[in-house]
Each structure stands twice: as structure tokens, then as C-alpha cells.
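The primary structure of each chain is shown beneath.
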Amino acid sequence: MRVLVVEDERNLADAIARGLRRRGMAVDVAYDGDSGHELAFVTRYDVVVLDRDLPGMHGDQICAELAASGTLTRVLMLTASGTVADRVEGLQLGADDYLPKPFAFDELVARVQALGRRATPAAPPVLSLADLVLDPARRVVTRGGVPVDLTNKEFGVLCELLKARGAVVSSEELLERVWDANTDPFTTIVRVTVMTLRKKLGDPPLIETVVGAGYRTAEVEA
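Nothing here was measured: the structure is a model prediction, and the numbers come from that model.

Some details on the packing of helix α6 (residues 152-164) against helix α8 (residues 189-201)
- Direction vectors running N to C along α6 and α8 enclose 85°, while the axes themselves pass 10 Å from each other. Classified by the angle their axes make, α6 and α8 are roughly perpendicular. Note on element contacts: α8 touches α6 through Thr-193, Val-194, Thr-196, Leu-197, Lys-200 and Leu-201, opposite Lys-153, Glu-154, Val-157 and Leu-158.
- For the contact of α6 with α8, the per-class residue count stands at five nonpolar, two polar and three charged.

Some details on the packing of aromatic side chains
- If you walk through the whole model with that rule in mind, you get zero aromatic pairs.
- Above the ring of Tyr-31, the side-chain terminus of Arg-10 is found at 3.9 Å from the ring centroid.

Description of the packing of α6 against helix α7 (residues 171-178)
- In contact at an axis separation of 10 Å, α6 and α7 are set at 125° when each is read in the N-to-C sense. As the angle between them shows, α6 and α7 are arranged oblique. α6 and α7 meet at a crossing whose hand is right-handed. Side by side, α6 and α7 meet where Lys-153, Gly-156, Val-157 and Glu-160 of the first sit next to Leu-174, Arg-177 and Val-178 of the second.

Section: the domain arrangement of the protein
- Per the domain assignment, the segments making up the protein are domain 1 (1-117) and domain 2 (125-215).
- Using C-alpha coordinates to define each centre, domain 1 is positioned 27 Å away from domain 2.
- Every contact between the two is made by twelve residues of domain 1 and, on the other side, ten residues of domain 2.
- Summed over both partners, the interface of domain 1 with domain 2 comes to about 810 Å²; 35% of that surface belongs to carbon and sulfur atoms.
- For the pair domain 1 and domain 2, the number of links is two salt bridges.
- The shortest N-O distance in the salt bridge between Arg-177 and Asp-46 comes to 2.7 Å.
- Scanning the region where domain 1 abuts domain 2 turns up four residue pairs in polar contact (both at pLDDT 80 or more).
- Listing elements by their share of the side of domain 1 that touches domain 2, those giving two or more residues are α1 (10-22) and β2 (26-30).
- Counting residues per element, the side of domain 1 that touches domain 2 draws most heavily on β2, at three residues.
- Of the residues belonging to the side of domain 1 that touches domain 2, the class tally is three nonpolar, two polar and seven charged.

Quick notes on the rules
- Residues numbered from 1 in each chain as written.
- Predicted model: local features only at pLDDT ≥ 70, side-chain atom pairs only at ≥ 80, totals over all residues.
- Heavy atoms only, no water.
- Axes fitted to C-alpha atoms, helices over the stretch in contact; angles between N-to-C directions.
- Helix = DSSP H or I, 4+ residues; strand = E, 2+ residues; numbered from the N terminus.
- Parallel < 35°, antiparallel > 145°, perpendicular 65-115°, else oblique.
- Contact = heavy atoms within 4.5 Å.
- Nonpolar A, V, L, I, M, F, W, Y, C, P; charged D, E, K, R; others polar.
- Phe/Tyr/Trp six-rings, centres within 6.5 Å; stacked < 30°, edge-to-face > 60°.
- Lys NZ or Arg CZ within 6 Å of the ring centre and 35° of its normal.
- Left-handed = near helix turned anticlockwise from the far one by under 90°.
- Domains from an automatic or database assignment.
- Buried area = accessible area lost by both parts, 1.4 Å probe.
- Salt bridge = Lys/Arg side-chain N within 4 Å of Asp/Glu carboxyl O.
- Polar contact = N/O pair within 3.5 Å; in protein donor to acceptor, adjacent residues only side chain to side chain.

Here's what the structure looks like:
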């Protein structure tokens, strides 16, 4: 899941980003409205965690423009004001959810995960291919009933390939969906991650390379 955190309180923004990354999400951070607006419209995010009162462009304007654009990106609005009137106003602007500060981090994670599920086309709650089973909610992967220990990035790559259901997914798409904006676009990290993922998943191979195009799941009999 790709998440953008737009929050001018740097310590809070960085804490949210660290926590979400520990949950396996790819997270970018903007500390003002102008840079947040630019990132939100350049990169396809599943969820934007958006502070309402921002320097530069106001959070309300960012939210309204995202809603008007028709994007599938979901907005979780944060604010120090938690009155009913403020919540109603935020939702009317186009926010998908509203969380007053201070908040419990576990609640924020749960809300981001719920919004992320709404930001992408419906997928089965459990993804499978032959004897491979991936449970996104529990972040568990098994093959032949045996647990497979994957890093967050390996898990993310495998999830994207399984969701594509045999369609080719390019390295650029994987880089955008699984890594954050700080990753060098010319890096070989996708190729290396796919290579280690293949080894961990074992034989027969479940991921094949389509030369010049990307990767896809292999056709394997169950």
C-alpha cells in the first residue's frame, strides 16, 4: 500500500511514517500543503493522511481537489478540532474519514488499512496461486501449508503480482506501488527483490520474467 502523510508537525509526521512503514506500507511525507498537493497529484497513492491546517495550500483545498479529480485515492483527514461540525465539514469536502488529534496510533493504522482496501479494485480477502496462499490482512504467506518468511518488500511485490492475476506488472509499477519516493528510479532493487522472492518460494517457480516488460505469475497446476 502506498501512503502519503501531509502534516506540518514534523515529529508527528515522521512518527506516523515510521509506524506505517513498520506495518509494511510505502510512505512518503510532505510537511506543507504545497509540496503535499504536488506529491498527491504526481504519484498514485492509496491513502493520503492529510492534516487540515497546513502552511501553504490548506488541507481543505487539497482534499476538495482530490475529490473532484475522480481519483481512487482515499483521504483520512486529521485535525486538532474534533467537533461534530468540523467532522461534517471535512467529510463534505470529500474526505473519506476524519480523525481528531490526539489519536491512538493503532486506530490510525486500522483506518488507513480500511481506506486502502477501498482504494483499489476489489480483490479476494486471500490471494492464492497453486499451493501458494497469501493473506494480506494477517500478512501471512504459506506454500504447501508451510509458512514462507518474507520481508515487507518481498511481501508487497508478491501481493501486487498475485492481484494482477497473470497480467504483466512492470518494474516501474512495482517500484511505485511497493517503494517510496526516496527510492532511486534507476535502482536494480526490484530485480534483486524478485530474485530473492523466487528463491524463498521454491519450485516449481511461481514468478516469471517477461523480457523488456516486467514480471507475472506463472501458470502452475494446483
